[in-house]
Amino acid sequence: MIKNNFISFKRLTLLYKKDFIENWKTMLLRFVMLYAIMAIIFTFMGLSELESRTKHNFSPWYGGIYYLRPAIFLFWGFGCLFASLMMEKMKNKTKRIAYLMTPATNFEKFFSRFLPVVIVFIIAFFLAFKLADYTRIAILSMRYPEFNITAVNISQGLCSQNLDSMTHNWMELTALFSVYLFFQSLFILGSTLWYKNPFIKTLATGIVITLLFYAVDALLVNSLFNESQLFSAGDYCGEIIEKWITRRNLILFFSFLTLFNWVISYFRFKDSEIINRL
């Protein structure tokens, strides 16, 4: 009998150990896939750059943003993809009943799936990125030994005062990360709504809702304002947006939406113990 009906760290540790023993091959395969994709992309980009600059007698340029752009794209893409697979243990009836019958509380089961896709994924992606970068260095150094191939400076390309940096202060970086967590939380919510093909269904639902929103917005604006009023209303809305949409407000707004999606995902999973057991 479970005495603590919310969380027990000992029980949670045993649950993580059980998940690791059962899924270590899958996790390793996904990590290798991340590394391989980035290694191929970085190496191809490096070879193309060095070949072009050698041909035109230019010195090679190694700005961090050059390799960080595809890395950030992959980070967002795979972050959302793996988030949509959070409830893959609920995919069919046999796995669903076996997982729901595990001697642990609903919060422990949810948290044991939540932590790997949100926190552990960031660590794994960083390690895969560094391994891919070192692979790029090794291959480029063998191909062009006359050049001093250096590693990507992540901090310089991600958050610095350089013109080619993706963000220029920690507030901008935090705002960007809060937007990422919001989009990831949508796919976490989608994983509790659809157990089969959750990534495709969540993505399709998001696209449809976005298109409907813009369509309704356009119809309302065109029906309420004439052409002259439309420009003045646009200027007025632009002033409001410029005044209120600050980095701080963006962080608070997307953080609230992310927490809201996480909470809804938990209660949706909690309800599945009753709804989906049959």
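## A closer look at the packing of helix α4 (residues 106-143) against helix α6 (residues 170-193)
Axis angle and axis distance: for two packed helices, these are the angle between their axes and the distance between the axes, and together they describe the pair.
Okay, so step 1: As a packed pair, α4 and α6 sit with axes 11 Å apart at the nearest point and diverge in direction by 150°. Between α4 and α6 lies a crossing whose hand is right-handed. Two secondary-structure elements touch here, α4 through Phe114, Val117, Val118, Phe121 and Ile122 and α6 through Phe177, Tyr180, Leu181, Gln184 and Ile188.
Okay, so step 2: In terms of residue class, the contact of α4 with α6 is built from nine nonpolar, one polar and no charged.

## Some details on unusual backbone geometry
Okay, so step 1: Even without being a glycine, Asn197 presents a positive backbone phi close to 55°.
Okay, so step 2: Within the secondary structure, Asn197 is located in the loop between α6 and α7 (198-224).

## Describing the pattern of salt bridges
Okay, so step 1: Applying the stated criterion to the full structure yields five salt bridges.
Okay, so step 2: With its nearest N and O atoms 3.0 Å apart, the salt bridge here joins Lys18 to Glu22. Here Lys18 pairs with Glu22, and both are found in helix α1 (residues 9-55), just four residues apart, close to one helical turn.
Okay, so step 3: Look at Glu22 and you get partly exposed, because its relative accessible area is 44%.
Okay, so step 4: The residue Arg136 makes a salt bridge to Asp133 at a minimum N-O spacing of 2.6 Å.

## Re α4
In an α-helix, one full turn covers 3.6 residues, which means residues spaced three or four apart are oriented alike.
Okay, so step 1: Across its 38 residues, α4 extends 54 Å between first and last C-alpha, which sits within 8% of the 56 Å expected from 1.5 Å per residue.
Okay, so step 2: Maximum bend of α4: about 45°, positioned at Val120.

## Looking at the environment of Arg113
Okay, so step 1: With respect to the helices, strands and loops of the structure, Arg113 is situated in helix α4.
Okay, so step 2: Not counting the four nearest positions on each side in its chain, Arg113 is found in contact with Asp19, Asn23, Leu85, Met86, Glu88, Lys89 and Tyr99.

## Here's the deal with the nonpolar core
Okay, so step 1: Counting residues in each nonpolar core, the largest one holds 37 residues, and the members touching the most others are Met38, Phe121 and Ile188.
Okay, so step 2: At the level of secondary structure, the elements contributing two or more residues to this core comprise α1, α2 (64-84), α3 (93-100), α4, α6 and α9 (247-275).
Okay, so step 3: The residues contacting Phe121, other than those within four sequence positions of it, are Leu34, Phe75, Phe78, Gly79, Phe82, Pro116 and Tyr180.
Okay, so step 4: Leu50, Leu140, Tyr144 and Ile149 belong to the second largest nonpolar core, which has five residues in total.

## Side note on the packing of aromatic side chains
Okay, so step 1: One pass over the structure, following the stated rule, counts 23 aromatic pairs.
Okay, so step 2: Relative to Phe129, the ring of Phe42 has its centre 5.4 Å away and its plane inclined at 80°; by these criteria the two rings are edge-to-face. Of the two residues, Phe42 is situated in helix α1 and Phe129 in helix α4; the sequence distance between them amounts to 87 residues. Both residues of the pair, Phe42 and Phe129, count as buried.
Okay, so step 3: Ring centres 6.2 Å apart and planes at 40° place the aromatic pair Phe110 and Phe269 in the tilted group. Of this pair, Phe110 sits in helix α4 while Phe269 sits in helix α9, and the two are 159 residues apart along the sequence.
Okay, so step 4: Cation over ring: Arg136 sits above Tyr67, and NZ or CZ is 4.4 Å from the ring centre.

What counts as what
Residues numbered from 1 in each chain as written. Predicted model: local features only at pLDDT ≥ 70, side-chain atom pairs only at ≥ 80, totals over all residues. Heavy atoms only, no water. Axes fitted to C-alpha atoms, helices over the stretch in contact; angles between N-to-C directions. Helix = DSSP H or I, 4+ residues; strand = E, 2+ residues; numbered from the N terminus. Left-handed = near helix turned anticlockwise from the far one by under 90°. Contact = heavy atoms within 4.5 Å. Nonpolar A, V, L, I, M, F, W, Y, C, P; charged D, E, K, R; others polar. Salt bridge = Lys/Arg side-chain N within 4 Å of Asp/Glu carboxyl O. Buried < 20%, exposed > 50% of the residue type's maximum accessible area, 1.4 Å probe, protein only. Expected span 1.5 Å × (residues − 1). Bend = angle between axes of the 7 residues up to and from the residue. Core = buried A, V, L, I, M, F, W, Y, C linked by side-chain atoms within 4.5 Å. Phe/Tyr/Trp six-rings, centres within 6.5 Å; stacked < 30°, edge-to-face > 60°. Lys NZ or Arg CZ within 6 Å of the ring centre and 35° of its normal.

No statement about biological role is implied by the geometric values presented.
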